[in-house]
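Architecture and fold: a report
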Amino acid sequence: MKKTGSFVLNQFNKQISYLLGAYLGDGCVYTNKNGWRQFTLEVIDKDFAEKTQACINKLVGVDNDIYLTNNRRTGKESFKAYSGNQELCKYLEDITGKKSYFPQEIYYCDNSLKQEFLSGLFDAEGWVDNYGGYLKIGIASTSVWILELVDLLNSLGSNISKISRMKNGGVKPLWKIIIPTRDIKKIGLFFSIKRKQDRIDTYFQSPQTERVISLIG
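All values derive from a computational prediction rather than experimental measurement. (Residues numbered from 1 in each chain as written. Predicted model: local features only at pLDDT ≥ 70, side-chain atom pairs only at ≥ 80, totals over all residues. Heavy atoms only, no water.)

Below, the discussion takes up the overall build of the protein chain. Across its full length, the protein chain holds eight helices and eight strands. The C-alpha atoms of the protein chain give a radius of gyration of 18 Å, which matches the 17 Å a tight globule of 217 residues would have. Residues counted as buried form 45% of the 217 residues belonging to the protein chain. When contacts within the protein chain are restricted to residue pairs at least 6 apart in sequence, long-range pairs at least 24 apart make up 67% of them. Taken as a whole, the protein chain presents about 11800 Å² of accessible surface, with 48% of it coming from carbon and sulfur. The average position of the 30 basic charges and that of the 23 acidic charges among the side chains of the protein chain differ by 5 Å. (Helix = DSSP H or I, 4+ residues; strand = E, 2+ residues; numbered from the N terminus. Rg over C-alpha atoms; globule rule 2.2 N^0.38 Å. Buried < 20%, exposed > 50% of the residue type's maximum accessible area, 1.4 Å probe, protein only. Contact = heavy atoms within 4.5 Å. Areas by Shrake-Rupley, 256 points an atom, 1.4 Å probe, with all protein chains shown as cover. Lys, Arg positive; Asp, Glu negative; His and termini not counted. Charge placed at Lys NZ, Arg CZ, Asp CG, Glu CD.)

Below, the structure written as structure tokens:
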């Protein structure tokens, strides 16, 4: 059995901030019939899983590696970060109401920790597209914490007020937020998933970007 380590959090840091964002998105804490909790995050991006595992390892003092596996639903290759540390799993559930809301502590953190939290959340639920020379970064969720996201983004200097409903055919409504291009650098939004961050970097390195931003600003 893999070592689970020991978890004691004295204050918020980059590791717990990122992990909480990732957990609210793609993470899961499963409890078996014996009451044993297990955190997992299974994703297609290896670098996303690796960063999540690195945060866990730092927080609980272990040196575990991610798993290479096949997704049960799609059959495609995926990567899994995990932890069986009971204190950490309970903490993640308790501070978010089992993924129902943002940890209140994040609102009182400095901007660098807010940005790490958002990075974990956007790595999980966000997307980056370039439509005809216009960069579009969005995030969508059926969770009610999407309403809290507006306040957190605005605390970093954005001016977002609109949340749109997307068609998803599900029981729960799916809500999305689009980040204005002019706000991306202002709020310090970044992805730890390289394929997504590369799209942002390429866009801002383009000589056409300054003109486009001035037109939409």
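Right, let's get into the sheet that holds strand β2 (residues 37-43). Strand order in this open sheet of four strands is β1-β2-β4-β3, and the pairing throughout is antiparallel. The outermost strands of the open sheet, each flanked by one partner alone, are β1 (27-31) and β3 (67-70). Mean inter-strand twist for the sheet, computed between neighbouring axes without regard to direction, equals 35 degrees. Here β3 pairs with strand β4 (residues 77-83) via four bridges, running antiparallel. Note on β4: the bridge partner recorded for L68 is F79. Relative to β4, helix α2 (residues 46-60) is tilted by about 10 degrees, and along the sheet it contacts β2 and β4. Seen against the sheet, helix α3 (residues 86-96) touches β1, β2 and β4 and runs at an angle of roughly 70 degrees to β2. (Pairing = 2+ DSSP bridges. Axes fitted to C-alpha atoms, helices over the stretch in contact; angles between N-to-C directions.)

Compared with the 21 Å implied by 1.5 Å per residue over 15 residues, the 20 Å span of helix α4 (residues 111-125) between its first and last C-alpha is a close match. Where burial is concerned, most of α4 is hidden: eleven out of the 15 residues are buried. (Expected span 1.5 Å × (residues − 1).)

A word on the packing of aromatic side chains. Inspection of the entire model under this criterion finds eight aromatic pairs. Linked through ring pairs, F102, F117 and W145 together constitute an aromatic cluster. It is K99 that lies over the ring of Y23; its NZ or CZ is 5.7 Å from the centre. The ring of W175 carries the charged tip of R165 above its face, separated from the ring centre by 5.8 Å. (Phe/Tyr/Trp six-rings, centres within 6.5 Å; stacked < 30°, edge-to-face > 60°. Lys NZ or Arg CZ within 6 Å of the ring centre and 35° of its normal.)

In this section: the confidence of the model for the protein chain. Model confidence for the protein chain is summarised by a mean pLDDT of 90, while 93% of its residues fall at 70 or above. Below a pLDDT of 50 lies the segment residues 211-217, which in the model reaches eleven contacts outside its immediate sequence neighbourhood of four places, other chains included. (pLDDT = per-residue confidence, 0-100.)

Judged by pairing direction, the sheet is antiparallel, and its four strands sit side by side in the order β5-β6-β8-β7 without closing on themselves. Since the sheet does not close on itself, it has two edges, and those belong to β5 (126-131) and β7 (164-166), each with one partner. With direction set aside, neighbouring strand axes in the sheet form an average angle of 35 degrees. Note that strand β6 (residues 134-141) and strand β8 (residues 174-179) share five bridges and pair antiparallel. When the bridges of β8 are listed, G138 appears paired with I178.

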